[in-house]
Amino acid sequence: MNLFRNVVFIAAIAGLVAGIALACMQAYATVPLILKAEVYEKAGGGHHHDHTAAANSNAMSSAAPADNAMSSATPASTGAAAPTEDEGWAPADGFERFAFNVVANIVTGIGFALILVAVSEFAGGIGNWRQGVFWGLAGFAVFTLAPGLGLPPELPAMPAAELLPRQIWWISTVAATAVGLGLIAFRKSLPLAILAVVLVVAPHIVGAPQPVSFETAIPEGLHHQFVVAVTLTDLVFWLVLGAGLGVVRGRFAGTATSLRDSFA
Amino acid sequence: MNTASVSLGASVSSQSRIMQLALAALLGIFVVGFVGFSHIDAVHNAAHDYRHSMAFPCH
């Protein structure tokens, strides 16, 4: 398990650095926007996205004739049940919440690093920081850009479709985009390149699960700011992760000089 | 490409190489999946801000 140990070691160092960098960026760029959105969420009452939609349909059906009384009773009861279904343990606001966010960033930073190192080793490995930047760009395209087209970063209290179908779409899109980019980058064949384009485009033709109604208390400007902040912080994260992996691997592998010669 | 001879695990056979790399990738997928996609309430709440900030499907 010599190789496995090396991969984990490299991924742990680069993932730690990139995770801490991302946590710092989030503390300034994205988390304040999430906290702002939570003010709207609490004003709306409850945690669930379906609330606004349920309230809407409730108002509409109560305005309708009395034979709709049965259907209006259903959303009202689900609305009443929701607060009790929430919420389980949660970190206290302030330092505890910040600390858990840092931990989540580091752990997943190492997770993404493991994936990136393992995949890149199949293609010869990340030889230096410049190659790492390109691998990082690929990671950004696969894990942020592609799924973000169909499911843009969302703030609390924004309407969204059922969780599971969205997660399935997200994972399928990531997988299809990764395979597509890999085919373009590493197979010199026109039919495979065409297949790659099909793979990258297909999830968006199928379409991401969308909410019934897009109505939300969140101001459009706040959401737009959040989308920009998420996309840019993720971009920097992936660039730092890729470049970091190149540097650490170069220091660690020792044989990197030959890789450097053969690539850059 | 003579990648096997110049990459991280210079001495391992190609089959064991693939196995170990696949294992590392699976470990990474498991870690990201658990933090970002788990339906356990406590995990969701602990990583809540992270999930939103990475545009993972949330709630």
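Residues numbered from 1 in each chain as written. Chains lettered and ligands numbered in written order. Predicted model: local features only at pLDDT ≥ 70, side-chain atom pairs only at ≥ 80, totals over all residues.

1. Quick word on the interface of chain B and chain A
- On the side of chain A, 56 residues touch chain B, which itself brings 37 residues to the contact.
- Contributions of two or more residues to the side of chain B that touches chain A are made by α1 (3-6), α2 (14-37), α3 (41-46) and α4 (48-53) of chain B.
- The dominant element in the side of chain B that touches chain A, judged by the number of residues it contributes, is α2 of chain B, at 14 residues.
- Broken down by class, the residue content of the side of chain B that touches chain A amounts to 23 nonpolar, eleven polar and three charged. (Contact = placed C-beta atoms within 7 Å. Helix = DSSP H or I, 4+ residues; strand = E, 2+ residues; numbered from the N terminus. Nonpolar A, V, L, I, M, F, W, Y, C, P; charged D, E, K, R; others polar.)

2. Here we look at the nonpolar core
- Membership of the largest hydrophobic core comes to 66 residues, with the highest contact counts inside it found for V7, A113, L114, V117 and L241 of chain A.
- Broken down by secondary-structure element, the contributors of at least two residues to this core are α1 (2-29), α2 (31-44), α5 (95-122), α6 (129-150), α7 (163-186) and α9 (220-253) of chain A together with α2 of chain B. (Core = buried A, V, L, I, M, F, W, Y, C linked by C-beta atoms within 7 Å. Buried ≥ 20, exposed ≤ 12 C-beta atoms within 10 Å, placed from the backbone.)

3. Re the UniProt feature "transmembrane region" (unreviewed entry) in chain B
- In this numbering, the UniProt entry assigns the feature "transmembrane region" (unreviewed entry) to residues 21-40 of chain B.
- For residues 21-40 of chain B, helix accounts for 85% and strand for 0%, while the C-alpha atoms at its two ends are 29 Å apart. (UniProt positions renumbered as here; feature names shortened; annotations may be inferred.)

4. Notes on the packing of α2 of chain A against α9 of chain A
All names here are of chain A.
- At a minimum axis distance of 10 Å, the contact between α2 and α9 shows a crossing angle of 155°. Here α2 lies roughly antiparallel to α9, going by the angle between them. Where α2 crosses over α9, the handedness of that crossing is left-handed. Residues L33, K36 and A37 of α2 form the contact with α9, whose participating residues are L222, Q225, F226 and A229.
- Grouping the amino acids of the contact of α2 with α9 by side-chain chemistry returns five nonpolar, one polar and one charged. (Axes fitted to C-alpha atoms, helices over the stretch in contact; angles between N-to-C directions. Parallel < 35°, antiparallel > 145°, perpendicular 65-115°, else oblique. Left-handed = near helix turned anticlockwise from the far one by under 90°.)

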